[in-house]
Amino acid sequence: MRSLAFLLLLSLFLFSNENNYKVSKNLEISGLVLNKLNLDVKELEKLSYFKSGSTPVICMSGETKDNVKSYEGVLLKDLLDKAVIDINSRKDFNKIYIQAISSDGYEAIFSYNEIFNTKLGDNIIVFYKKNGKYLEDYQGKIALISIDDIRNGPRHIKWLEKIIVGKI
């Protein structure tokens, strides 16, 4: 009987921690930008709209975790254009990085050149809809994915709350 009670308490503890996420309702863009932004989903919807095609989500091991019909949102480079990256010298573009941070502390990094000088930048999306539906709380309301990464799972940021532009 004690074993059963212990297992019940343990399972309640484990499952109650599954929903320990902080929903991201706003996206802050800061750092080396002239226009700091703080956008919610309604404000993101007013910006340039992007809709992806079908996309598998592949984790680092190569396993397909999800098959998404579409993502809807705004390209990361369009948000950065709106924020206006503050650069003094053309040589500094090679030193600029963009850090995407979730409310649970998960992070991904992009270089300026990766976003603005490769085709990859045409498919890095800050999204608020997946498969035609707004993201649920457990998905974070606002998220990011680099669709064209070979293994795009590691740069799939649920609960996206900050984008920081920095310089090395």
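Preceding this section is the structure that the text describes.
Please read these numbers as outputs of a predicted model, since none were measured by experiment.

### Concerning the sheet that holds strand 8 (residues 107-111)
The five strands are arranged 2-1-13-7-8 in an open sheet whose pairing can be described as mixed. Edge positions in the sheet fall to strand 2 (37-40) and strand 8, since each of these pairs with one other strand and no more. Strand-to-strand twist of the sheet, defined as the mean angle between neighbouring strand axes without regard to direction, takes the value 15°. As paired elements, strand 7 (residues 96-102) and strand 13 (residues 160-167) share seven bridges and run antiparallel to each other. Paired with serine 102 across the two strands is leucine 160, which belongs to strand 13.

### Here we look at the nonpolar core
Counting residues in hydrophobic clusters, the biggest one holds 31 residues, and the most contacted among them are Leu76, Ile98, Val126, Leu144, Leu160 and Ile163. Counting residues per element, this core draws most heavily on helix 3 (residues 76-83), at four residues. When near neighbours in sequence (up to four residues on either side) are disregarded, valine 126 contacts Leu27, Leu44, Gly73, Val74, Leu76, Leu79, Ile142, Ala143, Leu144, Leu160 and Ile163. With eleven residues, the next largest nonpolar core counts Tyr71, Ile125, Leu135 and Ile145 among its residues.

Calculation notes
- For every chain, the first residue of the written sequence is number 1, and numbering continues from 1 onward in sequence order.
- Totals for whole chains, interfaces and linings use every residue, but because this is a predicted model, local features are given only for residues with pLDDT of at least 70 and side-chain atom pairs only at 80 or more, for both listing and counting.
- The basis for the side-chain values is all heavy atoms of the structure; hydrogens and waters are excluded.
- A pair of strands is labelled paired if DSSP reports no fewer than 2 bridges between them.
- We count a stretch as a helix when DSSP gives it H or I for four or more residues in a row; a strand needs E for two or more, and each element gets its number in order from the N terminus.
- Between the N-to-C directions of two axes lies an angle of 0 to 180 degrees, each axis being a line fitted to C-alpha atoms and, for a helix, fitted only over the stretch in contact.
- The definition of a nonpolar core used throughout is a set of buried Ala, Val, Leu, Ile, Met, Phe, Trp, Tyr and Cys residues joined through side-chain atoms within 4.5 Å.
- Per-residue accessibility, obtained with a 1.4 Å probe over protein chains only, is compared with the maximum for each type, and a residue is labelled buried under 20%, exposed over 50%, and partly exposed between these values.
- Residue contacts are counted whenever heavy atoms from the two residues lie within 4.5 Å of one another.

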